[in-house]
Amino acid sequence: MEIHVQRDLNPRPQSPTQPNSICSPHIFTPISPSHSSRPPLYPSSILIILLRRNIMSGSSESRYIRLEVISGKNLQVPSGRIPAGIYVSINVDSRRRWKSAISVLSSNESVAWGDTLTLPSNASPALSIEIRASYELGRMLGSGEVIGKLQMSWDELLDHGDHPFDLSFPAVRGVQPFITLKVAVLHAWDNQNGALFDALVDCEIARDADADHAQLASYMKSENISDLNDAIEHFHLVLNQCPVGHPDRATALTNLAWARLQGYIRNDVQDIDTTTSLFRDALALRPQHHPDHPLSLYNLTEALAWRHIRKSTAADICEAAQLYHELLPLCPEGTYLRSIAAGENGIDDVIVGCNNLPTDASDEGIHLRRVVLELCPLGHRLRPRTLDELARAVRTRFDQHGSIDDLDTSIQLRREAVSLCPEGDADRDGYLNNLAFSLVSRFTHQGNTNDLDEAISLYEAALHLRPVGHEYRDFSLDNLGGALAYRFNKRSDIEDITRAISLYREALMLRPPGHSGRTITLHNLAHALQNRYDKSQVREDPNEAIDRYRESLRLKRLDHPRRHVTLFNLSSALCSRFTETQKNEDVEEAIALCQESLAALSSLHPDRFFSYMRLQEAYLSRYRILHDPADLSLAVENSRLASRHSTQGLPERIVRSFNWTVAAEQHGHGSALEAYSTFFELLDAHLATRSSATSRREAAAAFHVARTLPADAASCAIRCDNLPHAVELVEQGRGQQWSLASRLRTPVESLESANPALAHNYLELSKLVSSAAQSSATITDRAAADRAAMEYRKLTRQWEAAVAEIRDLPVFSRFLLPPLYADLQAAARQGPVIILIASQYSCSAIIVPTSGDPHHVPLPSVTLADLTNLKDRVGRAIRHASTLGPKVPRNDLIVLLRTVWDELMLPIVNVLQHNLKLKYCRIWLCPTAAFTSIPLHAAHPFRTNSDGSREQCLEDLYICSYTPTLSVLVRSRQTMKKRVTPSFVTIGQGQPGAGKGRALMAVDSELELVHKLVPATAKHTTMSGDAATRAGALEALQENTWVHLACHGKQDPKQPYNSHFVMKDEDLTLLDIMERDVPHAEFAFLSACHTAVGDEETPDEVIHLAAGLQFSGFKSVIGTLWQVDDSVAKHVVKAFYEKMFPDLKDGGVMDCTKAAWALNRATHAVKTTVPLEQRMVFVHIGV
């Protein structure tokens, strides 16, 4: 369960002293356009205005006084309202005044003006100086609100000399405002650029507005409600004098609304709706680019925020957030409006209000959360909580719709929230918990155990921060228990489930009857007990589990959002008890509960999958007892619905489709082939979500129980007398790693001719996806890996869209789809392909001929257990033979190879010879499962005929090659259309260095031998010793079409992509080779150990070094099945190249398709000099 991190207390005060609750008057006296349009925070321009007097032209006393208004500080507005700007007014007499520019108030309550007034010395002896707040940057209605006012004489000013001085005014709200002035006497002045003072026009509407500002300021100070009523009444009268279309209407609306808002805040006005409407009308009259648009936005946010506080209207706080999102970019840093809007009593109130809203997983709700997050930049105190709330919303949308992008986004957001709450932060435990919760969700959706392990670590850390007595300890206990239960299901470690049950019991004690969380813990404890019973058969568990489920269900309302989960889990527990007791009422109730859970869920809800799954279990349980065919049909239909429920995670659906295959096979249901096809499609889609080859292999290995499915599917199709489909299924299920990787390298020549634009788009996206996959392989940071995975999936979706567009073209309707039999038969163009199928249901072979239907070769005397035993015995015999002297007979190995001949290959040879009439020709072996570890090419009767002649073995009769899949063979042949001038490189490393294996003393002589045998017409280079580095070898593989490699080869059985050739510095790994795309490469001879043997965990994926070279572009590869003795290998190498290049001295063509024949002849040629196991070790793969 996610924890709602402790909510921030709403800091907005509801007292009359709220500091940012301010009102706004407007200017009556016209202002020079240069002033009214002055942008905020640019106060440096100087205004010079001359008061013209009748000065006697002959006077000797002509002099002038210049007064410079420099700046002001501590400028607080008596009413507390936010001003649009501040200006200084100097009244020289009753008819005229001078006004400075209206400058924007800064965040430290200061203003810079720099404006200048120049007067003749015989002007009025006294003057009045006022500081005023303007509530408009544009046209003013009235003179605004007085901040301070002083009466003084010119002599008093002149006493300060010509240095700047401060002029203080009476205190406002406890702070004394002052302005900085400078006075100078001038004896001459060029006044031709002077300007007149503004006339003080006696206007009733302006006088009323100014009086209302004063009245409202009085109310704000005294809280005398009669002052408020008078202010509202007179502001209303002013509004009545500003009808629709009047230039001051927006100002009048704002003044009235602000007065009403101050009364509402102090509970002296009850109606907030009218106030909000007035602000909204004013904003409509001040659209974007209006100088007063920002302040009108702020005013409306204030009204909405207060209405939300009093009425809890979610729409108001949501709209306020949207308005702040528009407002903040319009408020320059350092301005007073920005400091208030972005402060605790401004935007923070709105953020807190939004964070406290219920989770809304709709697109609109998530958009709002993103807007709120943008209001919390890095460093903002509310950013962690806001990140978490957005994460909660997108994770909830994942629950509803199953989009993995939402889950990834949730994890990414929560990682940032945790990073912003270091050790010691009071909220860290909640953010740790919530990140772990999202990781567990992704584990259940994608099956990556790294997510589960990280989640458990995070839950442990959160529990540590919640000791006994902590108010949220029960949450941590419950959540950690759930993660441990998941790990128990994955790894079957009894300690995990035992601890999970203990944690649940402790949590249940902290959630006594009446506690809101008790129903959740009851359900989770029941689920853990049920899981333990399923694997450990603790007798007391089923009944306690059912009792706990029932209690949990009683506590859940009918509209509880998780009630359906308890329904289908209780159903499962009842099914388990039914299989033990066979009490029909249990299974009947189980079915009814599942149907009820389905009725509560929308058609796309991810949890419908579990309802289907539990229904399938219930019907199948009843079928096994009552044998009613209708129950079996219903079980299969629910398996079908569960497997195809698109909003559930692929791992769950893969497991369900696997169980479907098992049930269909066990009970002979006709849906078995459909189940197999569904499994392969889902596994393919699942592996495609993994960005690296290593992660794809790990994902495939997670379904190790299903590793025999390719052969099982083919066996099923054979039993259904559908051999072409058997070939299609075994091809679809095998070598998926290579199939997925090769999609990005599919030749598109025909597409380029038909639609160049589509071909170009496809190729570019393929490069991007491939590049993203390669870069993600080296990322170790979990957060960075998550981001890379999201980017990979984004590119993959674009790539899939491009593929779908290509498939819309009539000729390309099956572009990159699993190939049909007609497509696969192209692999047999140069000779038949023999697929050997090792299934638990039957073992047999299918021969795909050059043309016509495939041929089935049953192997009735062979079982999967026999093959496994034979494979193990061959391995032991090979290891034993390596300890014998070269002349000692390999009797154990001979006996086993005779078995391979008699039981496996002889029935196939009989069909080749008698049915297909094929004599000495090429054949390709495509083994599955246990067959992959048996040296089929070395099958030998080791008998003599009645006439004394030696009975022929397989390699006497046919030239054998191997192929991982038929598609690989087809692809290799397609890419041979373009050939380039051959170049040959020999790479050898006999002195690998300390810790990298023994020295290979024969390597250098082997390289010299190859150099002599390679035709002189080929460009030939040699790389050995210190030059044979990883980088050098990779470059040589990239630049040459023919390669001979002699060094240590090491197969990694745990992680086959780490299998490698040992170079001088770093190892040359299978991953390194796979990342190279060498379309013109032709042949590679791998004179190294273990280069053509895959791993035992995923044998049908055929992941080994030789296959990697074939994938990178080499069409023909010779590899090894086990350890090579370098002292005798050179004999095979010499014989091979002598057979490979016998006639090229006269300028013949180097042909890689001759490699299989050359190897066949070479092994015959060295029978007397090379031991049996060292002749058998070399195999040919490819064309």
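As the structure is a prediction and not an experimental result, all values here were calculated from the model.

Novice: Help me get a handle on the nonpolar core, residues and values and all.
Specialist: Ranked by size, the top nonpolar core spans 233 residues in total, and within it L904, M905, L936, I987, F1061, F1136 and Y1137 carry the most contacts. Per-element accounting of this core gives the leading share, 12 residues, to helix α35 (residues 891-915). Residues contacting Y1137, with those up to four places away along its chain left out, are F984, V1010, L1013, H1044, F1083 and F1085. Grouped together as the second largest cluster of nonpolar side chains are 97 residues, L167, A209, L216 and L228 included.

Novice: For unusual backbone geometry, give the residues involved together with the corresponding values.
Specialist: With phi around 55°, S312 is a residue other than glycine that occupies positive phi space. Here S312 shows up in the loop between α7 (293-311) and α8 (314-327). Judged by its relative accessible area of 57%, S312 falls in the exposed class.

Novice: Pulling in residues and values, what's your account of the packing of aromatic side chains?
Specialist: Going through the model one piece at a time under the given rule, you end up with 16 aromatic pairs. On the numbers, 5.1 Å between centres and 45° between planes, the contact of W1042 with F1083 is tilted. Of the two residues, W1042 is situated in strand β18 (residues 1042-1046) and F1083 in strand β22 (residues 1083-1087); the sequence distance between them amounts to 41 residues. Both residues of the pair, W1042 and F1083, belong to the buried class. Where W1042 meets F1141, the ring centres are 5.7 Å apart and the plane angle is 50°; that geometry is what we call tilted.

Novice: Can you explain the side chain of H308? Please cite residues and give values.
Specialist: Mapped onto the elements, H308 comes out in helix α7. In terms of polar contacts, H308 uses its side chain to reach the backbone carbonyl oxygen of T313, at 3.1 Å. Contacts of H308, omitting those with residues within four sequence positions, involve T313, A314, D316, I317, G353 and L357.

Novice: Before we move on, could you go through the confidence of the model for the chain and cite the residues and values that matter?
Specialist: Looking at the chain, pLDDT values average 85 and 89% of them are 70 or higher. Segment residues 6-60: pLDDT under 50, and 203 contacts once partners within four positions in sequence are set aside and those in other chains are kept. Across residues 192-197, where pLDDT falls below 50, the model places 18 contacts with residues more than four positions away in sequence or in other chains.

Novice: With reference to specific residues and values, describe helix α16 (residues 473-491).
Specialist: With 19 residues, α16 should cover 27 Å at 1.5 Å per step; its first-to-last C-alpha distance of 27 Å lies within 8% of that length. Burial of α16 is extensive: 15 of the 19 residues sit out of reach of the surface. The first or second residue beyond α16 is S492, which carries a positive phi of 60°.

Novice: Can you tell me about the side chain of E1082, naming the residues and giving the values?
Specialist: With respect to the secondary-structure elements, E1082 resides in the loop between α40 (1070-1074) and β22. One polar contact links E1082 to W1042, side chain to side chain, over a distance of 3.3 Å. Excluding residues within four positions of it along the chain, E1082 makes contact with R979, V980, T1041, W1042, F1114, K1115, S1116, M1150 and C1152.

Novice: Residue-level account of the pattern of salt bridges, with values.
Specialist: Counting across every chain of the model gives 54 salt bridges. Here R397 makes a salt bridge to D363, at a shortest N to O gap of 2.8 Å. On the criterion of sequence distance, the pair formed by R397 in helix α12 (residues 383-401) and D363 in helix α11 (residues 363-374) is long-range, its members being 34 residues apart. For D363, a relative accessible area of 52% translates into the label exposed. Where R548 meets E544, a salt bridge forms, and the shortest distance between an N and an O atom there is 3.4 Å. Residue R548 and its partner E544 are located together in helix α19 (residues 541-555), separated by 4 residues, close to a single helical turn. Through salt bridges with shared partners, a single network forms among R385, D388, E389, R392 and R414.

Here is what the cut-offs are and how they apply
- Throughout this document, residue positions are counted from 1 along each chain, in the order its sequence is written.
- Only residues with pLDDT of at least 70 are given local features in this predicted model, and only at 80 or more are side-chain atom pairs given and counted; all residues enter the totals for whole chains, interfaces and linings.
- To get the side-chain values, take all heavy atoms of the structure and skip hydrogens and water.
- Only buried residues count toward a nonpolar core, which is a set of Ala, Val, Leu, Ile, Met, Phe, Trp, Tyr and Cys residues joined through side-chain atoms within 4.5 Å.
- Exposure categories follow from relative accessible area, calculated using a 1.4 Å probe and restricted to protein chains: below 20% of the type maximum is buried, above 50% is exposed, and the middle band is partly exposed.
- Secondary structure counts use DSSP, requiring at least four H or I residues in a row for a helix and at least two E residues in a row for a strand, with both numbered from the N terminus.
- Note on contacts: a residue pair qualifies if any of its non-hydrogen atoms lie within 4.5 Å across the two residues.
- Whether two aromatic rings pair depends on their centres lying within 6.5 Å, for rings of Phe, Tyr and Trp, where Trp uses its six-membered ring; planes under 30 degrees apart make the pair stacked, over 60 edge-to-face, and the rest tilted.
- We call two N or O atoms a polar contact when they sit within 3.5 Å, provided that within protein one can donate a hydrogen and the other can accept it, with sequence-adjacent residues counted only if both atoms are side-chain atoms.
- pLDDT is a residue-level measure of predictor confidence that goes from 0 to 100.
- Helix span, expected: 1.5 Å multiplied by one less than the number of residues in the helix.
- One speaks of a salt bridge when a side-chain nitrogen belonging to Lys or Arg is within 4 Å of a carboxyl oxygen belonging to Asp or Glu.

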